[in-house]
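Working through the structure, step by step
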Amino acid sequence: MLRDALHALRSFRQNPGFTAVVVLSIALGIAANTTVFSIVNGLLLGDLPVHEPDRLVGFAGGRSMSYPDYIDYRDQTREVFEGVSAHFPVVPASIGGDGKPERIWGQVVSGNYFSVIGVKPVLGRGVSVEEDQAAGRDAVVVLSHSLWRRRFGSDPAVAGRTVALNGQTYAVIGVAPPGFRGTDRGIVAEFWAPLAMFAQIMPDLAKGNPTQQRNNQWLMVNARLKPGVSREQALAAVAVIKNRIDETHFKGDQRRRNRPVALDKAGGLIGGTGKQAFGLMSVLMVVVGFVLLIACANVANLLLARATARQKEIAIRLSVGASRGRLVRQLLTESILLSLLGAFAGFVLAFWAASAISSFQVPFPFPIVFDFRPDLRVLAFAAALAMCTGVFFGLAPALRATRPDLLAALKNEMSVFGRVRRFGLRNALVVVQVALSLVLLTGSGLFLRSLQRASSIDIGMRPDNVLLMAMDPKLHRYSPERTQRFISQLRERVSALPGVRGVTFLDSIPLSIGGTSNAVKTETGKDGVKSVNADIYGVGSGFFKTMQLPLRRGRDFNLRTDGADVAIVNELLARELFGDTDPLGQRIASAGQKLTIIGVAGNSKSRTLGEEPRACAFLFLESKPEDVMSFYGISIAVKTVGPPRKLVRAVREQIAALDPTLAVFNTETMQEHVNKALLIPRVCAVLLAVFGGIGLTLAGIGLYGVMSYSTRRRTREFGIRMAIGAPQGSVLRMVLGQGLQVAGLGLAIGLGIALSVTRFAASLLYGISATDVVTFTAVPAVLLGVALAAILVPALRASRIDPIQALRYE
């Protein structure tokens, strides 16, 4: 085998052009597949940085659980689990002390959390069971490794020091190991406090006494299997307890009783989004599978052409006694080595691409970070893919090359494989390349057109020259009166800054994932009570002017005269509730609050750019901030004369002048925020554009290679034709016709496939259909142009053959 490898390397040095093209083809195909597999690995497969991750399981398939249910599972599954832990995954906090205030996110965890998940702090210790049993104990916290380095300068004596979280003092008891950010994939936790402290660190979470409510499902639950206990055995024990809970507490709730119990690998996506992610990743894997097929077809064609060029060498070796198996092994060794070289280059490209994709920002109010950089699992995938590529697509050329016509080969005649066919294996491979390239380019064109349309969608307001900055007075124990004073004083200060045209406040920014929705009802009338689910926004006075969201009827909120009992609705909600009746002055109710409609705003995008108009209600933030402030804080929106970013420092200074302990976060312009809403179409467009470009390049190379090979084999034929009087134009038309026949067949097949598969992407497109005429016209035209260019070069070469030289050609 070593001798075969050395012989292959010598062959590569003798044919650097051939080697470079084959390695490039394989590298592009494997890079595309490895990049997507890196994303799959980061989203679904990667192990948590914990002790024995295979023994750690998550309850309910990534969905949350109530506190009483958690206690039942914890206390009644000791035969199968070493322990069952619980945590709430997103706890906002403002950290004070040394340095400027900073918004961070952490978790409240049960006392056995660190022991169950198998993480040992690098300094100090984790939360203890005793510290989680009484809220009256001294407040303690474990820091993440990154927070310890950033805020405490990697102080080895940090254990015992104190830190201010939301204006209250916590004693630092430990530092988590580097790389550990919690057990919920994508969510970045920077501190862990005892679950018993949840009401202290996050008062909103304590409303309704969630520790006593079985219908309040707010905790994520993990468990560690005992040694020797399988997941199936544990699931059977858990199912018994679930049935017992359902029989005791949910006899009449058939939906709850029908919900299956699940034990999945810990570290999955929360909220049950794993299945959706798996579906999307499956589609992407099919797409990059097309890219690999194009690359492999290209490689197979090149290897067939290379085998033809080596016909005399192979015939001589067979004539002197070499076995066919020996030659097949030699040729397979060469193809595998080429695949491994391509895999190495592809892995480097994939590492760069996956790292770039990791930097995309998801429009969540809290940090979502995925590490898509390739690891050992991805490296093994790339190596296995290279081996399969080398064997499966090197075997056919190797078998065919070692079955020559010995007499013809020794005479160096070109038709060594028998009669030359007008449409053989090489042409079939090119048809496959062109067809699959058309499918990829069509998908790419649709998403690029969709992205273009999405970028120009009218969102109902003007996002230009608006600065957004968020803060959370409620976490700092602000009373409603203090919040009102703070908002009023901050409005006055910021409005006085040079370059400011308007100032307002809002609790949830449109086009954010999340937000609040409630039923909005009419009062009893002749048509009865109507109820419509609407998105609820708390906004300050001047919101509609600052955001340039038009008021169609009525008026804006008034600081001096309006209380908390007024609302503004959008046109859709007004029409659904009151039809043609004038909505001004009508009474509505939402979340137990009765409101009078004082205005009707135009419709605008609320959650996503691609949505149909949604019903929206706007409540007066400044009159009663404790009712409408969202879980994620309150944002100031500043309309500026010039670039908004130039006012960031000045607005921060005004906030600090009123309260130097208040953290400012999520600083961005409204245009940047809208751009984040384009994340999915942008990622899809970029990926498909890259994959489509790779397919187009490989198809062009493949078509050029086949036509060059064909014209070389027919050199003597062309010489004879021209010697007996055939003009150059007829030879040119003959070669062009042959090439365009192959390309045309590939285009026809590809169009059929594209029309069938693109309809599945219809829900992801903005403003265009899945059979967009422009795309389905432009893409075949581009591909035909590339094919024509690839065919034209060998065709011109064939038409310029010297008949005398051609007749001597062997």
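Residues numbered from 1 in each chain as written. Predicted model: local features only at pLDDT ≥ 70, side-chain atom pairs only at ≥ 80, totals over all residues. Heavy atoms only, no water.

**A look at the overall build of the protein chain**
Under the convention used in this document: Runs of H or I in DSSP of at least four residues are treated as helices and runs of E of at least two as strands, each being numbered from the N terminus. Buried means the residue's accessible area, taken with a 1.4 Å probe over protein chains only, is under 20% of the maximum for its type, while exposed means over 50%, and partly exposed covers the values in between. Working rule for contacts: check all heavy atoms of both residues, and any pair within 4.5 Å makes them a contact. Every accessible area reported is derived by Shrake-Rupley at a probe size of 1.4 Å, with residue values counting cover from the shown protein chains alone.
Across its full length, the protein chain carries 25 helices and 21 strands. When each of the 810 residues of the protein chain is scored for burial, the buried share is 53%. Across the protein chain, the fraction of contacts at a sequence separation of at least 24, relative to all contacts at a separation of at least 6, is 81%. Of the roughly 35700 Å² of accessible surface on the protein chain, 58% is carried by carbon and sulfur atoms.

**What to know about the side chain of Asp72**
Inspection of the secondary structure assignment puts Asp72 in helix α3 (residues 67-76). For Asp72, the residues in contact, after removing those within four places along its chain, are Arg214 and Ile245.

**A look at the pairing of strand β1 (residues 56-59)**
Every other side chain in a regular strand lies on the same face of the sheet, so the side chains alternate between the two faces. In plain terms, the rule: Pairing between two strands requires that DSSP report at least two bridges joining them.
Burial of β1 is two-sided: the residues Leu56 and Gly58 facing one way and the residues Val57 and Phe59 facing the other way are all buried. Inspection of the sheet shows β1 paired to strand β10 (residues 263-265) by three bridges, in the antiparallel sense. Each residue of the ladder has a partner; that of Phe59, found in β10, is Leu263.

**Quick look at the pairing of strand β11 (residues 466-471)**
Counting buried residues along β11, six of its six residues qualify, which places the element largely inside the surrounding structure. Where burial is concerned, the two faces of β11 agree: the one with Val466, Leu468 and Ala470 and the one with Leu467, Met469 and Met471 are both buried. Judged from the six bridges that link them, β11 and strand β20 (residues 634-640) form a sheet pairing that is antiparallel. Across the sheet, Leu467 pairs through a bridge with Val638, a residue of β20. Bridge count for β11 against strand β21 (residues 665-669) is three bridges, and the pairing is antiparallel. Looking across to β21, one finds that Leu468 is bridged to Glu668.

**With respect to helix α15 (residues 480-495)**
Put simply, the rule is: Multiply 1.5 Å by the residue count of a helix minus one, and that product is the helix's expected span. Directions pointing from the helix axis toward each C-beta atom define the arc.
With 16 residues, α15 extends 22 Å from end C-alpha to end C-alpha; this agrees with the ideal 22 Å at 1.5 Å per step. Taken residue by residue, α15 has Thr483, Phe486, Ile487, Leu490, Arg491 and Val494 as its buried positions. Viewed end-on, α15 has its buried residues packed into an arc of 130°, placing them on one side of the element.

**What to know about the environment of Gly167**
Its location among the elements puts Gly167 in the loop between β6 (162-165) and β7 (168-175). Separated by 308 residues in the primary sequence, Gly167 and Leu475 place their C-alpha atoms 8.2 Å from one another.

**Thoughts on the packing of aromatic side chains**
The geometry of two aromatic rings is summed up by the distance between their centres and the angle between their planes. Our working definition: Centres within 6.5 Å are what make two rings of Phe, Tyr or Trp a pair, Trp counting through its six-membered ring; a difference in plane orientation under 30 degrees is then read as stacked, over 60 as edge-to-face, and the rest as tilted. Working rule: Lys NZ or Arg CZ, within 6 Å of ring centre, within 35 degrees of ring normal, means a charge sits over the ring.
The full count for this structure, using the stated rule, is 16 aromatic pairs. Aromatic pair Tyr113 and Phe114: ring centres 5.2 Å apart, planes at 85°, arrangement edge-to-face. The pair formed by Tyr113 and Phe114 is uniform in burial state, with each residue classed as buried. Each ring, one from Phe543 and one from Phe618, has its centre 5.9 Å from the other, and the planes form 40°; the classification is tilted. Here Phe543, found in helix α16 (residues 543-546), pairs with Phe618, found in strand β19 (residues 616-620); they are 75 residues apart in sequence, far enough to count as distant. Note on accessibility: Phe543 and Phe618 belong to one class, buried. An aromatic cluster is defined as three or more aromatic residues linked by ring pairs; in this entry it consists of Tyr113, Phe114, Phe180 and Trp192. Taking the ring centre of Phe665 as reference, the NZ or CZ of Arg103 above it sits at 3.9 Å.

**Focus: a nonpolar patch on the surface**
The cut-off we apply is this: Exposure above 30% relative accessible area and the absence of a salt bridge qualify a residue for a patch, where like charges join within 9 Å and nonpolar side chains (Val, Leu, Ile, Met, Phe, Trp, Tyr) within 5 Å. Each reported salt bridge corresponds to a side-chain nitrogen of Lys or Arg within 4 Å of a carboxyl oxygen of Asp or Glu.
Together, Leu740, Leu784 and Leu788 make up an exposed nonpolar region whose accessible area comes to about 220 Å². Within the fold, Leu788 resides in helix α24 (residues 773-799). Residue classification places Leu788 among the partly exposed residues on the basis of a relative accessible area of 38%.

**Observations concerning the packing of helix α23 (residues 728-757) against α24**
Between two packed helices, what matters for the description is the angle formed by their axes and the separation of those axes. Threshold: To get an axis, a line is fitted to the C-alpha atoms, and for a helix only the part in contact is used. The angle between two axes follows their N-to-C directions and goes from 0 to 180 degrees. Throughout this description, any angle smaller than 35 degrees is read as roughly parallel, any larger than 145 degrees as roughly antiparallel, any in the 65 to 115 degree range as roughly perpendicular, and the remainder as oblique. Crossing handedness follows the turn of the near helix against the far one: under a right angle anticlockwise gives a left-handed crossing, and clockwise gives a right-handed one. Three classes are used: nonpolar for Ala, Val, Leu, Ile, Met, Phe, Trp, Tyr, Cys and Pro, charged for Asp, Glu, Lys and Arg, and polar for all others, with Gly counted as polar.
Running from N to C, α23 and α24 cross one another at 155°; their axes reach a closest spacing of 9 Å. Taken together, the axes of α23 and α24 are roughly antiparallel relative to one another. The chirality of how α23 crosses α24 is right-handed. In contact with Gln728, Val731, Leu732, Val735, Leu736, Gly739, Leu740, Ala743, Leu747, Leu751, Ala754 and Leu755 of α23, α24 contributes Phe776, Pro780, Leu783, Leu784, Ala787, Leu788, Ile791, Leu792, Ala795, Leu796, Ala798 and Ser799. Residue classes in the contact of α23 with α24 are distributed as 21 nonpolar, three polar and no charged.

**Focus on the environment of Val119**
Here Val119 shows up in the loop between α4 (113-117) and β4 (123-124). Separated by 57 residues in sequence, Val119 and Ala176 place their C-alpha atoms 7.7 Å apart. When sequence neighbours within four positions are dropped, the list of residues in contact with Val119 reads Pro49, Val50, Phe114, Pro177 and Phe180.

**With respect to helix α5 (residues 145-152)**
Among all positions in α5, only His145, Leu147, Trp148, Arg151 and Phe152 are buried. Along the long axis of α5, the arc covered by the buried residues comes to 165°, so they all point the same way. Those residues of α5 that are buried lie in contact with β2 (81-95), β3 (102-109), β4, β5 (140-143), β6 and β7. Two residues or fewer past α5, Gly153 is found with a positive phi of approximately 60°.

**Overview of the pattern of salt bridges**
Side chains that carry opposite charge are capable of pairing whenever their charged atoms lie near each other. What the rule picks out here adds up to 28 salt bridges. As a salt-bridge pair, Asp582 and Arg553 come within 3.1 Å of each other at their nearest N and O atoms. Of this pair, Asp582 sits in the loop between α17 (571-578) and β17 (587-590) while Arg553 sits in strand β15 (residues 551-554), and the two are 29 residues apart along the sequence. With a relative accessible area of 35%, Asp582 lands in the partly exposed category. Close ionic contact of Arg555 with Asp562 constitutes a salt bridge, the shortest N to O distance being 2.8 Å. You can call Asp562 buried: its relative accessible area is 11%. Among the charged side chains, a network of salt bridges with common partners joins Glu102, Arg150, Arg151 and Glu190.

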